[in-house]
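One-letter residues, chain by chain:
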Amino acid sequence: MKIWHFSEMAYPSAWDAGEAMGSMRVVLPNSLLDAGEVADIYHRHLDEFMLCDELGINIMLNEHHATATCLNSAVPLTMAVLARITKNVRLLSLGSPIANRPDPVRVAEEMAIIDVLSRGRLEMGLVKGAPYEIAPANSNPGRLMDRFWEAHDLILKALSPHDAPFSWEGEYFHYRHVNIWPRPWQQPHPPVWITGLSPNSGRMIGERGHVAAALLSGGIAKGMFDAYRKRAAELGRVATPDRFAYCVLLGIGHNEAEGRRRAEHVAGYVRTSPVVAEPFKNPPGYNPVPANVAALKAGPTQSVARVQTVDGRAIDPTRASVQDFMDARTVFAGNPDQVYEQIVRFNQEVGGLGHLIVMAQGGTLDHADTCENLRLFAKEVMPRLGDLAMPENPYAEAAEKAAAAAD
Amino acid sequence: MISTEIRTVSGIQTEIVSGGSGRPLLYLHGHLGLERHGRFLGLLAERHRVVAPALPGFGRTDWPREIRSVSDLAYFAMDLADDPALEDAVLVGSGFGGWVALDMLVRSGGRFGCAVLADPLGVKFGGHLDRDFADIHALADADAAGLLFHDPRQADRDVSALSDDDLAAIVRAREAFTFFGWKPYMHDPSLRRWLHRVGVPTLVAWGASDGFVGADHGRRLAAEIPGARFEILAECGHFPAIERPEALSTLVTDFAAGHAAAAAA
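Reference entry: report on the structure contained in this document. (Residues numbered from 1 in each chain as written. Chains lettered and ligands numbered in written order. Predicted model: local features only at pLDDT ≥ 70, side-chain atom pairs only at ≥ 80, totals over all residues. Heavy atoms only, no water.)

### Regarding the overall build of chain A
For step 1, the next point in the chain: Looking only at helices and strands, chain A has 15 helices and 13 strands in total.
For step 2, the next point in the chain: Here the C-alpha radius of gyration of chain A, 21 Å, is about what a compact globule of 407 residues would show, namely 22 Å.
For step 3, the next point in the chain: When the backbone C-alpha atoms are referred to their principal axes, chain A occupies close to 60 × 50 × 50 Å.
For step 4, the next point in the chain: The proportion of buried residues among the 407 residues of chain A is 55%.
For step 5, the next point in the chain: Restricting to contacts in chain A with at least 6 residues of sequence separation, those with at least 24 account for 74%.
For step 6, the next point in the chain: Accessible surface computed for chain A: about 16,800 Å², of which carbon and sulfur atoms make up 53%. (Helix = DSSP H or I, 4+ residues; strand = E, 2+ residues; numbered from the N terminus. Rg over C-alpha atoms; globule rule 2.2 N^0.38 Å. Buried < 20%, exposed > 50% of the residue type's maximum accessible area, 1.4 Å probe, protein only. Contact = heavy atoms within 4.5 Å. Areas by Shrake-Rupley, 256 points an atom, 1.4 Å probe, with all protein chains shown as cover.)

And the structure:
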């Protein structure tokens with residue numbers, strides 16, 4: 001199991017204003033920002049990422065826009081900084097919101113630079129992006145996934161070696177001379193990751209054999225990974241655990257109380273992240289018709305989408321306790337043994353996990369606590385994860401049969 | 001008197017409401033689709049042979065991939081209007097459908113006898129920092145209803161009384177409207193340049209309480225369409241066909257009667 005650390009580089013100084021407005025995103029005015037404070041936050045997080053490089057913890061970054069929950073609004077820029085200041089670990093961009101970026105070839109160019117600069121340490125996430133990212137990008141929510149997959153195909157082709165420029169005249173994107181310099185270090189292109197929320201996402205990602213990443217909900221991960229394994233088997237492939245990634249909040253301490261105290265701070269991330277003004281939560285077209293019919297029938301939408309615990313309780317993430325979050329597998333917390341046991345259990349629950357992304361920093365967890373969170377995890381838990389027993393893939397036999405039938 | 005059927009138009013399975021007899025009338029709906037249009041279309045059908053398609057993307061049939069723009073919708077409606085039974089028809093477009101109608105009229109309006117545009121979208125007059133059209137996608141439903149209706153209670157629906165098919169039509173209409181009017185927002189930057197090509201007698205009607213796109217915009221639009229008449233509909237928002245069916249149908253039938261000889265002239 002590979003371990004990654006992720007932080008959104010939040011700006012908690014504006015959270016009270018965001019709570020008062022009922023939106024941490026889109027409409028929260030940027031006059032609330034202090035540039036000096038933002039600079040300190042950037043440098044502080046980069047220091048933590050350099051510590052990850054020493055500790056052997058791989059690094060993940062993402063991007064969000066117009067929000068006090070994430071100051072990283074251009075993931076390739078910070079990835080490029082990491083490509084220069086780190087030396088050892090792999091760098092995951094998760095990722096570029098390619099249905100919201102008007103120029104996929106530019107995305108390919110950005111990723112190629114990062115891959116070469118880091119001498120082949122890039123893992124490349126291509127993501128749909130959350131619904132509230134539509135407004136800041138002014139990206140058309142209609143036919144969004146059609147655009148996503150066309151951008152995906154174009155980016156992978158642009159990154160791959162070719163002996164002459166190629167043209168692309170698609171439904172959404174048009175180029176006559178695609179020929180990016182540099183091309184990436186890794187051939188034919190860096191490994192691809194895609195995030196998802198549903199079994200349908202799992203099937204789509206499984207068809208392409210990319211890494212499927214689920215975030216912050218054990219229930220979502222289980223359904224999506226299973227659909228991936230099943231779809232891969234139908235195509236004659238056995239989906240190995242390295243195809244599956246999960247992002248969880250981490251609070252680890254020398255004792256349980258210390259771990260939970262850290263988790264309490266990190267949980268600020270999930271408590272603020274869903275606070276969004278109503279019209280930006282579900283732009284028309286972003287979700288499929290049946291999902292929106294169900295939403296209409298459900299009546300006026302709950303102000304915040306609920307998260308399911310493993311025992312079937314629906315929790316409000318803006319108010320949930322650390323224990324609630326642990327019950328939903330959104331948080332792993334406790335002393336090193338407890339955190340290890342939670343990982344072992346989760347690995348079984350989701351049928352085998354190749355990548356664990358820990359948010360060792362989130363919310364208001366300060367620099368000293370974050371470094372301790374990372375160090376303890378690296379020293380006390382990671383050494384035990386290398387040879388974690390993986391559950392059997394229930395579709396392995398079906399995959400063999402499908403492969404044999406195809407031959 | 002009016003009924004709904006599925007017909008193939010321009011190779012596309014299309015839900016069409018039709019009925020009545022008299023001079024033909026082609027109605028293009030606003031962004032809610034054809035829901036709650038029974039009263040309005042029924043009144044028109046007393047004097048006209050009414051044909052009202054659910055535009056592709058709206059209604060209960062599939063939305064073909066190749067229908068990607070308001071101009072595609074205009075060509076679709078022009079294919080429908082090629083039906084000899086629609087010779088000399090009255091073209092009526094409301095809101096989003098008014099945009100489609102304008103797009104048809106600047107291309108080729110000759111087949112229509114006259115046109116009525118109620119609160120049409122599609123033309124922008126203001127500068128880079130001006131919003132001609134309120135950003136209803138950035139408003140909560142209740143706030144948008146306050147702009148769209150004179151009486152915001154008109155926006156309330158008893159969802160429990162609707163079938164899954166009806167609900168799907170509502171969802172599809174929202175998605176299609178969003179898609180077609182997303183960027184540029186609710187207008188085609190080229191359309192204003194060609195308004196002089198509207199070659200049939202045109203009435204521009206506007207809900208006095210339309211807060212999505214206001215009556216001043218309507219006056220300016222009417223001034224740029226050759227010979228167009230402008231009428232205000234009192235106590236009415238963006239959807240006169242829903243909120244003031246009697247007033248709009250009277251305006252339409254009277255205007256059509258006043259331009260009955262257009263095709264013969």
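Picking up after the structure, the text goes on.
### Topic: the packing of aromatic side chains
For step 1, the next point in the chain: Taken as a whole, this structure holds 16 aromatic pairs over all chains when the rule is applied.
For step 2, the next point in the chain: Pairing F58 of chain B with F96 of chain B gives two aromatic rings, centres 5.6 Å apart and planes at 35°, and the pair type is tilted. Linking F58 of chain B in the loop between β4 (48-53) and α2 (70-81) with F96 of chain B in helix α3 (residues 96-108), this pair joins segments that are 38 residues apart in sequence.
For step 3, the next point in the chain: F58 of chain B gets classed as buried once you look at its relative accessible area, which sits at 1%.
For step 4, the next point in the chain: Owing to a relative accessible area of 0%, F96 of chain B belongs among the buried residues under this scheme.
For step 5, the next point in the chain: Taking 5.6 Å as the distance between ring centres and 75° as the angle between the ring planes, the aromatic pair formed by F179 of chain B and F180 of chain B counts as edge-to-face.
For step 6, the next point in the chain: Ring-pair connections join several aromatic residues into one group, and the members of that group are F58, W63, F96, W99, F177, F179 and F180 of chain B.
For step 7, the next point in the chain: Between K157 of chain A and the ring centre of F166 of chain A, over which it is positioned, the NZ or CZ distance is 4.6 Å. (Phe/Tyr/Trp six-rings, centres within 6.5 Å; stacked < 30°, edge-to-face > 60°. Lys NZ or Arg CZ within 6 Å of the ring centre and 35° of its normal.)

### Observations regarding the interface of chain B and chain A
For step 1, the next point in the chain: Across the boundary between the two partners, chain B contributes 23 residues, which contact 19 residues of chain A.
For step 2, the next point in the chain: Approximately 2,000 Å² of surface area, both sides summed, lies buried where chain B meets chain A, with 59% of it carried by carbon and sulfur atoms.
For step 3, the next point in the chain: The tally of links from chain B across to chain A stands at three salt bridges.
For step 4, the next point in the chain: Counting across the chain B and chain A interface gives ten residue pairs in polar contact (both at pLDDT 80 or more).
For step 5, the next point in the chain: For the side of chain B that touches chain A, the leading source of residues is helix α5 (residues 164-180) of chain B, giving ten residues.
For step 6, the next point in the chain: Among the residues forming the side of chain B that touches chain A, the class breakdown is 13 nonpolar, two polar and eight charged. (Buried area = accessible area lost by both parts, 1.4 Å probe. Salt bridge = Lys/Arg side-chain N within 4 Å of Asp/Glu carboxyl O. Polar contact = N/O pair within 3.5 Å; in protein donor to acceptor, adjacent residues only side chain to side chain. Nonpolar A, V, L, I, M, F, W, Y, C, P; charged D, E, K, R; others polar.)

### Here's the deal with the sheet that holds strand β1 (residues 2-9) of chain B
Residue and element names in this part refer to chain B.
For step 1, the next point in the chain: With respect to topology, eight strands assemble into an open sheet ordered β1-β2-β4-β3-β5-β6-β7-β8, the strand pairing being mixed. Each having just a single partner strand, β1 and β8 (229-233) make up the two edges of the open sheet. With strand direction ignored, the average angle separating the axes of adjacent strands in the sheet is 25°.
For step 2, the next point in the chain: One ladder, built from five bridges, connects strand β7 (residues 202-207) with β8; its direction is parallel. In the sheet register, V204 faces β8, and the bridge partner there is F230.
For step 3, the next point in the chain: Where helix α1 (residues 38-45) meets the sheet, its contacts fall on β1, β2 (12-19), β3 (23-28) and β4, and the angle it forms with β4 comes to roughly 150°.
For step 4, the next point in the chain: Strand contacts of α2: β1, β2, β3, β4 and β6 (112-118), with the helix running at about 160° to β3, the strand carrying the most contacts. (Pairing = 2+ DSSP bridges. Axes fitted to C-alpha atoms, helices over the stretch in contact; angles between N-to-C directions.)

### Re the pattern of salt bridges
Residue and element names in this part refer to chain A.
For step 1, the next point in the chain: Under the criterion given, the structure shown has 40 salt bridges over all chains.
For step 2, the next point in the chain: Between R231 and E207 there is a salt bridge whose closest N-O contact spans 2.9 Å. With R231 in helix α8 (residues 218-234) and E207 in helix α7 (residues 199-208), the pair connects residues that are 24 residues apart, well separated along the chain.
For step 3, the next point in the chain: Judged by relative accessible area, E207 falls into the partly exposed class, the value being 32%.
For step 4, the next point in the chain: Residues D324 and R313 are paired through a salt bridge, measuring 3.1 Å at the closest nitrogen-oxygen approach. Taken together, the positions of D324 in helix α12 (residues 322-327) and R313 in the loop between β10 (307-308) and β11 (314-315) put the pair eleven residues apart, joining distant regions of the chain.
For step 5, the next point in the chain: Classification of D324 by relative accessible area gives buried; the value is 18%.
For step 6, the next point in the chain: Given a relative accessible area of 34%, R313 falls into the partly exposed group.
For step 7, the next point in the chain: Residues joined by salt bridges that share partners form a network here, namely E207, R208, R231 and E234.

### Side note on unusual backbone geometry
Backbone geometry follows two general trends: most residues other than glycine have a negative phi, and most peptide bonds adopt the trans configuration.
For step 1, the next point in the chain: The omega torsion of the bond from W181 of chain A to P182 of chain A falls at -5°, within 30 degrees of zero and hence cis.
For step 2, the next point in the chain: Mapped onto the secondary structure, P182 of chain A falls in the loop between β6 (174-178) and β7 (192-195).
For step 3, the next point in the chain: Between K183 of chain B and the following residue, P184 of chain B, the backbone shows a cis peptide bond with an omega angle of -5°.
For step 4, the next point in the chain: Within the secondary structure, P184 of chain B sits in the loop between α5 and β7.
For step 5, the next point in the chain: Phi at R119 of chain A is positive, roughly 55°, even though this residue is not glycine.
For step 6, the next point in the chain: Topologically, R119 of chain A is positioned in the loop between α4 (104-117) and β4 (122-127).
For step 7, the next point in the chain: We classify R119 of chain A as exposed; its relative accessible area is 61%.
For step 8, the next point in the chain: Its identity is not glycine, yet D88 of chain B carries a phi of approximately 65°, on the positive side.
For step 9, the next point in the chain: Within the element layout of this structure, D88 of chain B appears in the loop between α2 and β5 (89-94).

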